[in-house]
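Chain by chain, the residues:
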Amino acid sequence: MAEFIARRAMRAILTIWIAVTVTFFLLRLLPGDPTLLVVEGDMTPEMQQALREQYGLDKPMMTQYWLYLSELVRGNLGTSFRQLQPVTDIIVSRLPWTALLAGSAFVLTILLGIPLGVYAAAHRGKRVDRVVQMFGITGHALFVPSIGILLLVVAGSWLGWFPIGGAIDPDTRGLDAYISLFHHLALPLLSLVVVQLGPYALTLRTNMLEVLGEDYIKSARGRGLSPQRTLWRHALRNAFLPALTLMGLQLGTLVGGAVLTETVFAYPGVGRLIYEAVGQLDYPLLQGAFIMLAVTVVVANLITDVVSMLLNPRIRA
Amino acid sequence: MSATPPDARPAGAVAADEPTASVPPSAMRSLRRFLSKPSGALSISMLLLFLMTGLFGPLFVDRPGGLGAEILRPPSLAHWFGTDDLGQDVFAQVVWGTRVSLTVAVAASAIAIVIGTALGLLGAYSRRADAWVTTVTDLMLSLPLLPLMIMVTALAGPSVTTLTFVIGLFSWPEVTRLIRSNGLVVVSMPYIDGARALGATGWRIVTREVLPAVVPLIVVSVLLTAARAVISEAGLSFLGLGDPDSWSWGRIILNAQRSGVISTAWWQTLFPSLAILLLVLSATVAGVRFNDSRDPRLKDR
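Just so it is clear, the model here is predicted, and its values are computed rather than measured.

### As for the overall build of chain A
Scanning chain A from terminus to terminus reveals 13 helices and zero strands. When the helices and strands of chain A are listed from N to C terminus, the series reads α-α-α-α-α-α-α-α-α-α-α-α-α. When its C-alpha atoms are laid out on the principal axes, chain A stretches across 85 × 55 × 40 Å. Sequence-distant contacts, at least 24 apart, represent 74% of the contacts inside chain A between residues at least 6 apart.

### What about the overall build of chain B?
What chain B contains, in helices and strands, is 12 helices and zero strands. Going residue by residue from the N terminus, the α and β elements of chain B occur as α-α-α-α-α-α-α-α-α-α-α-α. A total of 301 residues make up chain B; the buried ones form 49% of that total. In chain B, the proportion of contacts linking residues at least 24 apart, taken out of those at least 6 apart, comes to 72%.

### Re the interface of chain A and chain B
Chain A puts 39 residues into the contact, and the matching count from chain B is 35 residues. Only α1 (2–29), α5 (127–139), α6 (144–158), α10 (251–265), α11 (270–280) and α12 (283–311) of chain A provide two or more residues apiece to the side of chain A that touches chain B. Among the elements that make up the side of chain A that touches chain B, the one with the highest residue count is α12(A) (10 residues). Tallied by class, the residues present in the side of chain A that touches chain B amount to 27 nonpolar, 12 polar and no charged.

### A closer look at the nonpolar core
Of all hydrophobic cores here, the largest spans 149 residues; its most connected members are I274(A), L286(A), A289(A), M149(B), I150(B) and V230(B). Top contributing element to this core by residue count: helix α10 (residues 202–241) of chain B, with 18 residues. Setting aside anything within four residues of it in sequence, one finds V230(B) in contact with S101(B), A105(B), I276(B), L279(B) and V280(B).

### Things to note about the confidence of the model for chain A
Residues with a pLDDT of 70 or more make up 91% of chain A, whose mean pLDDT is 83. For chain A, per-element mean pLDDT is lowest for helix α13 (residues 313–316) of chain A, which scores 63, and highest for α10(A), which scores 91.

### Remarks on the environment of D243(B)
All names here are of chain B. Position of D243 relative to the elements: it lies in the loop between α10 and α11 (249–258). C-beta crowding within 10 Å serves as the criterion here: with 20 such atoms nearby, D243 is assigned to the buried category. C-alpha of D243 to C-alpha of V100: the two residues are 143 residues apart in sequence and 9.3 Å apart in space. Here D243 is in contact with P158, S159, V160, L163 and S248, once residues within four sequence places are set aside.

### Looking at helix α4 (residues 90–125) of chain B
Helical periodicity: at 3.6 residues per turn, an α-helix aligns residues three or four positions apart in one direction. If you check α4(B), its first and last C-alpha atoms are 51 Å apart, about what 36 residues at 1.5 Å a residue would give, namely 52 Å. Among the 36 residues of α4(B), 26 are classified as buried, and the element is accordingly described as predominantly covered.

### Some thoughts on the packing of helix α5 (residues 127–142) of chain B against helix α8 (residues 172–187) of chain B
All names here are of chain B. At their nearest, the axes of α5 and α8 sit 9 Å apart, and the two run at 140 degrees to each other. If you check the angle between α5 and α8, you find them oblique. The two elements α5 and α8 meet at a crossing, and its hand is left-handed. Taking contact as the criterion, the partners of V133, T137, M140 and L141 in α5 are, on α8, P173, T176, R177 and R180.

### Regarding the environment of W232(A)
Looking at the element boundaries, W232(A) is found in helix α9 (residues 227–249). As a C-alpha pair, W232(A) and V118(A) span 114 residues in sequence and 8.4 Å in three-dimensional space.

Reading guide: rules and limits
Residues numbered from 1 in each chain as written. Chains lettered and ligands numbered in written order. Predicted model: local features only at pLDDT ≥ 70, side-chain atom pairs only at ≥ 80, totals over all residues. Helix = DSSP H or I, 4+ residues; strand = E, 2+ residues; numbered from the N terminus. Contact = placed C-beta atoms within 7 Å. Buried ≥ 20, exposed ≤ 12 C-beta atoms within 10 Å, placed from the backbone. Nonpolar A, V, L, I, M, F, W, Y, C, P; charged D, E, K, R; others polar. Core = buried A, V, L, I, M, F, W, Y, C linked by C-beta atoms within 7 Å. pLDDT = per-residue confidence, 0-100. Expected span 1.5 Å × (residues − 1). Axes fitted to C-alpha atoms, helices over the stretch in contact; angles between N-to-C directions. Parallel < 35°, antiparallel > 145°, perpendicular 65-115°, else oblique. Left-handed = near helix turned anticlockwise from the far one by under 90°.

Set out below in structure tokens:
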């Protein structure tokens, strides 16, 4: 068990190292001097040189790389071009909102997707099944901002049921603050879940159809167990672990979706920060945001793997 | 229910059995089977409609630009999709955006297919390379690719070329996974051993025997990768990373968001959204339908 965790942890570190290395060299190899992009307008050669020295750009590339890695290990992602604050501080202040949004979407998609996939598989060829199949294929074609704007305009602006921006009402205290939090979370969360749910349920349905054909299911039915009981007690138990693993693989996509939803709803997470940084051409911030999101996804994936292992008697033994 | 010939074989086997036939006799049959369901015919018609719009639309519709007198008008006979806050015609923007979306989708998909197929075949054939191919593919798939694409596009400078390369260079892992897993099945077939026994080189086996067998999957991959590329392009343009000199569906939606009219001028976000939905949906359905039409066992599903 310890070996399994150690192996997965090594893999996680390797992933992050490769992500960091590739971005570092990719950005250095691209044409264009980043210092030219810091401030528009005129800049004397002396000012440029001072800036290059400040960012270490006058040193050889490998030296820059080691410098960058050693700073990174200490949690230093550089200084934002525009906000003139450490990138790490800016991102860490925004990360909880993205984690809340993507985390809730992760849990809600699993909670809705499993029953939907199992139910569709059990009623194969019936109307429910065809609806799930259609929803599954359409899901690939849904553009997150389009769904977000639809929900924002209909449920937010026209019906006035939900707030149309922000993450919390700062004047609320205690229980009201939690209510305000979920009230603001509802629409961004829903737009992510709508996009994720269909394809997820469709894959689970296919997995479930395989499970339902296995011997232990047939023998359970043969022992006289009702179809319902067989389905929910025996088949579902074996469908849960693959379902969790599958959702773990979707984490990268989920975070990408969160970037887009946050932009639509002015939700104060890392995604909205990225949108603002694009407008301001703040490269250290963009690079830091990618690295922090990559680390978050890789760590969340590691946790998913370990949870799966703890739930799986075959690996745990 | 579609009429499936009883002797229909999986396309991989056909290509392998009859390498000399220029047009396999099953090609016409596959096409007929593809079109036999409404979803097949409908998705292909829709794709053709978008293709025509992208190719010829800009010849008939003036390039949107400048300031118009009629600001934020709802759809009418004069402006089918309404006008935006600068008085520009949204229909013209959508038509011009079609060209960019299709260009990026086709070119990015081509890049991803070439890299993805090459790596997938390499992994399937060479056991030594396979460990590397699978590791790199899995690593790429586990990263949040949108933030990565945002960062690279921003630094390279937004343009149609940048978008194409960035999307293409980050979209191959899914192709690799598909081609590799199916290539493994082909490589383990007896006729590959036969070719090897006859003294064929690794290069020859991969290009002459394995590649033709996975061609149908490449067709499916082209459609699905292009569909995903449309979504990626729209996403990047929506975040302000589109080409500032050309129209794009994502940019139209971004303009609506920036000028704060998404709640009032619903037409400015609805029509580009529908264009994205219909194009991606028809490419996806065509891909799925093509895949099913090759497999007679699936005709009931």
